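Descriptive analysis of the structure
Here are the chains, one letter per residue:
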Amino acid sequence: MENWITEIMNEFGYMGVMFLIALENIFPPIPSEVILTFGGFMTTTTNLTIFNVVLSATAGSVIGAIVLYLIGLQLDVERLEKIVDRWGHILRLKRSDIYKADGWFDKYGPWAVFLCRFIPLIRSLISIPAGMSNMNVIVFLIYTTLGTFIWNIVLVNLGATVGSSWDVIVNYMDIYSKVIYAFLLLFIVIFVYIFIKKRR
């Protein structure tokens, strides 16, 4: 996959960065770390600039986030109620659980969107619950843009700093991702355990 990513970026420059990052947001398994750090390296060997690579990556992130936000809009509270009414007894869910989750996102959603932009996998998926809760689209775009802009600045600059050793940064980011995934898995297991225990 890395070869495919680097070939597109070499061929299409800024447009390639924007396209790949938009795709990465919609399909999280595509590694943004490779795109951004290699983009940073390219600023040392081509006429690409750090600012424009960051700008292109941020535009791609926002495009991808909007697509997932629109998907979330299709799964609003009303539709979730119908799902819970039909399958809730199997999932051990009630309508009140939906209202609690929706209320939480109404209160903390903007900061959740911002902070989750720094967490692998979740950085993309957070756009779906934002749409589901009908978060104000302007607020969503502001926090999404800020979070992704910071993430992009850091990784593109790291890639530019280490130059041809950009893959070292990718390796470190891979370790970071694995640690985050482990914590997320642990959190999900604990959450499910507590949830089932309360229902019983």
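Treat the numbers as computed from the prediction; the structure is a model and nothing was measured.

About the cut-offs
- Residues numbered from 1 in each chain as written.
- Predicted model: local features only at pLDDT ≥ 70, side-chain atom pairs only at ≥ 80, totals over all residues.
- Heavy atoms only, no water.
- Helix = DSSP H or I, 4+ residues; strand = E, 2+ residues; numbered from the N terminus.
- Buried < 20%, exposed > 50% of the residue type's maximum accessible area, 1.4 Å probe, protein only.
- Contact = heavy atoms within 4.5 Å.
- Areas by Shrake-Rupley, 256 points an atom, 1.4 Å probe, with all protein chains shown as cover.
- pLDDT = per-residue confidence, 0-100.
- Core = buried A, V, L, I, M, F, W, Y, C linked by side-chain atoms within 4.5 Å.
- Axes fitted to C-alpha atoms, helices over the stretch in contact; angles between N-to-C directions.
- Parallel < 35°, antiparallel > 145°, perpendicular 65-115°, else oblique.
- Left-handed = near helix turned anticlockwise from the far one by under 90°.
- Lys, Arg positive; Asp, Glu negative; His and termini not counted.
- Salt bridge = Lys/Arg side-chain N within 4 Å of Asp/Glu carboxyl O.
- Phe/Tyr/Trp six-rings, centres within 6.5 Å; stacked < 30°, edge-to-face > 60°.
- Polar contact = N/O pair within 3.5 Å; in protein donor to acceptor, adjacent residues only side chain to side chain.
- Nonpolar A, V, L, I, M, F, W, Y, C, P; charged D, E, K, R; others polar.

So, on to the overall build of the chain. What the chain contains, in helices and strands, is nine helices and zero strands. Traced from its N-terminal end to its C-terminal end, the chain shows the element sequence α-α-α-α-α-α-α-α-α. Counting every position in the chain, which comprises 200 residues, the buried fraction comes to 41%. In the chain, of all internal contacts separated by at least 6 residues, the share reaching a separation of at least 24 is 75%. As presented, the chain carries roughly 11400 Å² of accessible surface, and 70% of it is formed by carbon and sulfur atoms.

Moving on to the confidence of the model for the chain. Taken as a whole, the chain shows an average pLDDT of 78; of its residues, 69% reach a score of 70 or greater. Looking at the elements of the chain, mean pLDDT is at its lowest for helix α4 (residues 77-91), recorded as 62, and at its highest for helix α3 (residues 50-73), recorded as 92.

Here the focus is the nonpolar core. Judged by nonpolar contacts, the single largest core of 21 residues is most densely connected at Ile5, Met9, Leu20, Ile21, Ile35 and Leu36. Not counting the four nearest positions on each side in its chain, Ile5 is found in contact with Leu20, Ile30, Pro31, Val34 and Ile35.

Let us now look at unusual backbone geometry. Here the phi dihedral of Asn134 falls at roughly 55 degrees; this positive angle occurs in a residue that is not glycine. Tracing the sequence through the fold places Asn134 in the loop between α7 (127-132) and α8 (137-162).

Here we come to the packing of helix α2 (residues 32-42) against α8. α8 packs onto α2 with a crossing angle of 55 degrees between their chain directions and a minimal axis gap of 6 Å. The orientation of α2 relative to α8 falls into the category oblique. In this structure, α2 meets α8 at a crossing whose hand is right-handed. Of the residues in α8, those touching α2 at Ser32, Glu33, Leu36, Thr37, Gly40 and Phe41 are Trp151, Asn152, Leu155, Val156, Gly159 and Ala160.

What follows concerns the side chain of Arg117. Along the polypeptide, Arg117 turns up in the loop between α5 (95-116) and α6 (122-125). Glu24 is the oppositely charged side chain nearest to the buried, salt-bridge-free Arg117, at an N-O distance of 7.9 Å. Look past the residues within four positions of Arg117 in its chain and what remains in contact with it is Asn25, Ala65, Arg123, Ser124, Ile126, Ser127, Phe140, Thr144, Gly147, Thr148 and Trp151.

Let us now look at the packing of aromatic side chains. Under the counting rule described, the total for this entry stands at five aromatic pairs. Arranged with centres 5.5 Å apart and planes meeting at 75 degrees, the rings of Trp111 and Tyr143 form a pair that is edge-to-face. Of this pair, Trp111 sits in helix α5 while Tyr143 sits in helix α8; the two residues are 32 residues apart in sequence, bridging distant segments of the chain. Aromatic ring contacts, followed pair by pair, group Trp111, Phe114, Phe118 and Tyr143 into a single cluster.

Relative to the assigned elements, Ala65 resides in helix α3. Residue classification places Ala65 among the buried residues on the basis of a relative accessible area of 0%. Distance in space between the C-alpha atoms of Ala65 and Glu24 is 9.9 Å, their sequence separation being 41 residues. If near-sequence neighbours (up to four positions away) are discounted, Ala65 is found in contact with Asn25, Arg117, Ser127, Phe140 and Thr144.

Moving on: the side chain of Ser56. Here Ser56 shows up in helix α3. Ser56 gets classed as buried once you look at its relative accessible area, which sits at 12%. Among the polar contacts made by the side chain of Ser56, one reaches the main-chain carbonyl oxygen of Asn52 at a distance of 2.8 Å. If near-sequence neighbours (up to four positions away) are discounted, Ser56 is found in contact with Tyr14, Val17 and Met18.

Quick look at the packing of α3 against α8 now. One can describe the packing of α3 onto α8 by two numbers: an axis separation of 8 Å at closest approach and a directional angle of 140 degrees. Overall, the two elements α3 and α8 adopt an arrangement that is oblique. Relative to α8, the crossing made by α3 is right-handed. Contacts between α3 and α8 involve Ile50, Val53, Val54, Ala57, Thr58, Ser61, Val62, Ala65, Ile66 and Tyr69 from the first element and Val137, Phe140, Leu141, Thr144, Thr145, Thr148, Phe149, Asn152, Ile153, Val156, Asn157 and Ala160 from the second. Residues belonging to the contact of α3 with α8 are distributed by class as follows: 15 nonpolar, seven polar and no charged.

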